[in-house]
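Residue strings, one per chain:
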Amino acid sequence: MPALPPATLIVLNWNGRPFLQACLTSLLALDHPDFTLIVVDNASDDDSVAFVRQQFPQVQLQVNPGNLGFAAGNNVALGQLATEFAVLLNPDIVVSPNWLRHLLAPLLADERVGVTGCKLYYPDGRLIQHAGGYVTLPQAFPGHYGLLEEDAGQHETPRQVDYVIGAAMAIRRDLLERIGLLDEGFFLYYEDTDFCQRARRAGYQVVYAPQATAVHLESAITRKGSPTYLRHFHTGRWRFLLKHYDLDEVMGQTFPAEQTWLDQVDPVERWAAAYAYRQTLLRLPGIWAARQAHGGSATTAGQRRQVAGGLVELRQRAWSATGALKLLQSRWRVQPQPFVSRVPVFGRLIARLRQAWNDVATRQYVAALLAQQNEWNRLVVEELSRPAARLAELDGRQSAAIQEMLALTEEIGRLRERVAAVNRVGRG
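The written sequence of each chain sets the order in which its residues are numbered from 1. Predicted model: local features are reported for residues with pLDDT of at least 70 only, side-chain atom pairs are reported and counted for 80 or more only, and whole-chain, interface and lining totals are derived from all residues. Only hydrogens and water are set aside; all other atoms, that is, all heavy atoms of the structure, feed into the side-chain values.

**Q** Would you mind going over the overall build of the protein chain with me for this structure?
**A** Every helix listed is a DSSP run of H or I at least four residues long, and every strand listed is a run of E at least two residues long, numbered separately from the N terminus. Broken down by element type, the protein chain carries 14 helices and 12 strands. Each residue is assigned to one of three classes by its accessible area relative to the maximum for its type, calculated with a 1.4 Å probe on protein chains only: buried under 20%, partly exposed between the two thresholds, exposed over 50%. Counting every position in the protein chain, which comprises 428 residues, the buried fraction comes to 46%. The contact criterion used is simple: two residues touch if any of their non-hydrogen atoms lie within 4.5 Å. Long-range pairs, those at least 24 residues apart, make up 76% of the contacts in the protein chain between residues at least 6 apart in sequence. With residues, only the protein chains shown are counted as cover, and all accessible areas are computed by Shrake-Rupley using a 1.4 Å probe. Per element, the accessible surface of the protein chain, about 21,600 Å² overall, is 55% carbon and sulfur.

Here it is as structure tokens:
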């Protein structure tokens, strides 16, 4: 193995106090001869900062003024990087002693390698959580090689992958100098996928290094599947999609697949997706600028209008599929059920006799009760539907206003280009 150069390890923390002891202790026990360890704290409101200062005075501490998110928080340290390699870490990572040596090995062996990631285990140390990542199209959902597999040596070969997760990711400094820092348009999730995509577009390789092993507790930031997780996840997913993929394919494949998917997921995820579509709509001008800045293919005004319209339709579809209310609207009426019998041969006769007795004895009484219950059910559903309908109306108006704003933004851009052209002619 080549001589080991200095490296900078950056642990981005937000309210990760319960995990810092194990994480920092494991990092300080690394057998790498020369590294700087920095904790960047995103304005935690637990006692993370005081804990690091008291228990780990040898660790550098950078306290941000607010929760800047994953990308912007890490960029605070990456922007001041003085070593050839940087390693990003979550506070819920516990590494093996030789982890850093193996993580940097592909970078040292081949200058075409720009990013490396490691093998991550679940807390039991037996089941694999991550052995490199891949992106599935047309909706850009992420996948992990080896997920939930018991490690029997089946993922011991280094390989190029679509991405590695930012929970434990090494980066070459000259890659940062070439493609820039993490995209701060992502707050949480998909920043790592985006960065790896940009690296591969620039001709670098993203490599999974299997001998670099660590445990990922995966619980320090947001609970997977929670509303907060889902909102950030789907907002990041759509930024990533619109930054990197052909817009004709997005319109022709992604939008139809998303519509089908919306009909299949539970209400919590639909509402999170609706939030993501709105956030994406509001941020479209910035997304198009980032797409251009980070090497994406050019887009036309027509494509951009189609995308905005498609996001409006998705948001409306997400809102209209309101789960429980929709079920109530379709099933509020109570119907009397016919009598049946499973007795062979005489079953039909028995059912008819029961029905005749019910007609004589209880039909008039039960019919009145059913009428009262149905009237009550109808009034309940009607009252519940009014705010939902009002919300849908307001959402439609808001979506139309956003589309109008985007159209005006496009027009302002064209006018600025004309003014700049006139000024150039005047100066000439």
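**Q** Whenever I open this one, helix α6 (residues 191-201) confuses me. Can you help?
**A** Across the 11 residues that make up α6, a large majority, nine, are buried. Of the residues trailing α6, Gly203 is marked for its positive phi of about 100 degrees.

**Q** Would you mind showing me how to read the packing of aromatic side chains here?
**A** We describe a pair of aromatic rings using the distance from one ring centre to the other and the angle between the two ring planes. Paired rings are identified among Phe, Tyr and Trp, the last through its six-membered ring, by centres lying within 6.5 Å, and are further divided according to the angle between planes into stacked (under 30 degrees), edge-to-face (over 60) and tilted (the rest). All chains considered together, the criterion is met by 11 aromatic pairs. Centre to centre, the rings of Trp238 and Tyr277 are 6.0 Å apart; their planes meet at 85 degrees, and the pair counts as edge-to-face. Remark: Tyr277 occurs in helix α9 (residues 267-282) and Trp238 occurs in helix α7 (residues 227-244); sequence separation between them is 39 residues. By relative accessible area, Tyr277 is classed as buried at 0%. One aromatic cluster is present, built from ring pairs that chain together Phe141, Tyr189, Tyr190, Tyr229, Phe233, Phe240, Tyr245 and Trp261. Between the NZ or CZ atom of Arg159 and the centre of the ring of Tyr145, over which it lies, the distance is 4.5 Å. The rule is short: NZ of Lys or CZ of Arg within 6 Å of the ring centre and within 35 degrees of the ring normal puts a charge over the ring.

**Q** Please clarify how the packing of α7 against helix α10 (residues 284-293) should be interpreted in this entry.
**A** A pair of packed helices is captured by two measures, namely the crossing angle of their axes and the spacing between those axes. Here, axes are lines fitted to C-alpha atoms. For helices the fit covers the stretch in contact, and angles between N-to-C directions go from 0 to 180 degrees. Running from N to C, α7 and α10 cross one another at 50 degrees; their axes reach a closest spacing of 8 Å. The orientation of α7 relative to α10 falls into the category oblique. The handedness of the crossing between α7 and α10 is right-handed. Listed contacts from α10 to Arg239, Leu242, Lys243 and His244 of α7 are Leu284, Gly286, Ile287, Trp288, Ala290 and Arg291. Classification used: nonpolar for Ala, Val, Leu, Ile, Met, Phe, Trp, Tyr, Cys and Pro, charged for Asp, Glu, Lys and Arg, polar for all others including Gly. Tallied by class, the residues present in the contact of α7 with α10 amount to five nonpolar, two polar and three charged. Here is the rule for angles: anything less than 35 degrees is roughly parallel, anything more than 145 is roughly antiparallel, 65 through 115 is roughly perpendicular, and the remaining ranges are oblique. Two helices crossing with the near one rotated counterclockwise from the far one by less than a right angle form a left-handed crossing, whereas a clockwise rotation gives a right-handed crossing.

**Q** Explanation requested: the nonpolar core in the structure shown.
**A** For this analysis, a nonpolar core means a set of buried residues of the types Ala, Val, Leu, Ile, Met, Phe, Trp, Tyr and Cys, connected via side-chain atoms within 4.5 Å. If you look at the biggest cluster of nonpolar residues, it comprises 100 residues, and the most contacted ones within it are Leu9, Leu27, Trp99 and Leu242. Top contributing element to this core by residue count: α7, with seven residues. Among all residues touching Leu27, those that are not within four sequence positions of it are Leu9, Val11, Phe35, Leu37, Leu89, Val95 and Trp99.

**Q** What's the story with the side chain of Arg270 in this structure? I'm lost.
**A** By the secondary structure assignment, Arg270 is in helix α9. Nearest to the buried, unbridged Arg270 among oppositely charged side chains is Asp263, at 6.7 Å. From its side chain, Arg270 meets the backbone oxygen of Val265 in a polar contact 2.7 Å long. The charge count treats Lys and Arg as positive and Asp and Glu as negative. His and the chain ends do not count. When a carboxyl oxygen of Asp or Glu is within 4 Å of a side-chain nitrogen of Lys or Arg, the pair counts as a salt bridge. For the purposes of these results, a polar contact is taken to be a pair of N or O atoms within 3.5 Å, where, inside protein, one atom must be able to donate a hydrogen and its partner to accept one; residues adjacent in sequence count only when each atom of the pair is a side-chain atom.

**Q** Honestly, the environment of Gly296 in this entry has me stumped. Any pointers?
**A** Among the structural elements, Gly296 can be located in the loop between α10 and α11 (301-320). Owing to a relative accessible area of 18%, Gly296 belongs among the buried residues under this scheme. Linking Gly296 and Asp246, residues 50 residues apart in sequence, is a C-alpha distance of 8.7 Å. Sequence-distant contacts of Gly296, defined by excluding residues within four places in its chain, comprise Arg201, Lys243 and Arg291.

**Q** What is the right way to read the packing of helix α1 (residues 17-28) against helix α2 (residues 48-55) from this model?
**A** Look at α1 against α2: their axes get within 9 Å of each other, and the N-to-C directions meet at 30 degrees. Looking at the two axes, α1 sits roughly parallel to α2. Our pair here, α1 against α2, has a crossing hand that is right-handed. Of α2, the residues touching α1 (which contributes Arg17, Leu20, Gln21 and Leu24) are Ser48, Phe51 and Val52. Of the residues contributing to the contact of α1 with α2, the split by class is four nonpolar, two polar and one charged.

**Q** Hey, could you run me through the pairing of strand β9 (residues 141-144) in this one?
**A** Consecutive side chains along a regular strand alternate between the two faces of the sheet. The sheet contact formed by strand β8 (residues 133-136) and β9 spans four bridges and is antiparallel. Looking at the pairing, Thr136 lines up with Phe141 of β9. Two strands form a pair only when DSSP identifies at least two bridges running between them.

**Q** Explanation requested: the environment of Gln160 in the structure shown.
**A** Note on placement: Gln160 falls in strand β10 (residues 159-160). With a relative accessible area of 54%, Gln160 lands in the exposed category. Sequence separation of Gln160 and Val207 is 47 residues, and the distance between their C-alpha atoms is 4.4 Å. Not counting chain neighbours up to four residues away, the residues in contact with Gln160 comprise Gln205, Val206 and Val207.

**Q** Even after reading the chapter, I still don't get the pairing of strand β12 (residues 205-216), so can you show me in this structure?
**A** Across the 12 residues of β12, 11 count as buried, placing the element largely inside the fold. Relative to β12, strand β5 (residues 93-95) runs antiparallel, the two being bridged by three bridges. Directly across from Ile93, in β12, lies its bridge partner His216. Pairing of strand β6 (residues 113-121) with β12, which is carried by eight bridges, proceeds in the parallel orientation. Bridge assignment links Val115 to a residue of β12, and that residue is Val206. In this structure, β10 lies alongside β12, joined through two bridges in antiparallel fashion. Looking across to β12, one finds that Arg159 is bridged to Tyr208.

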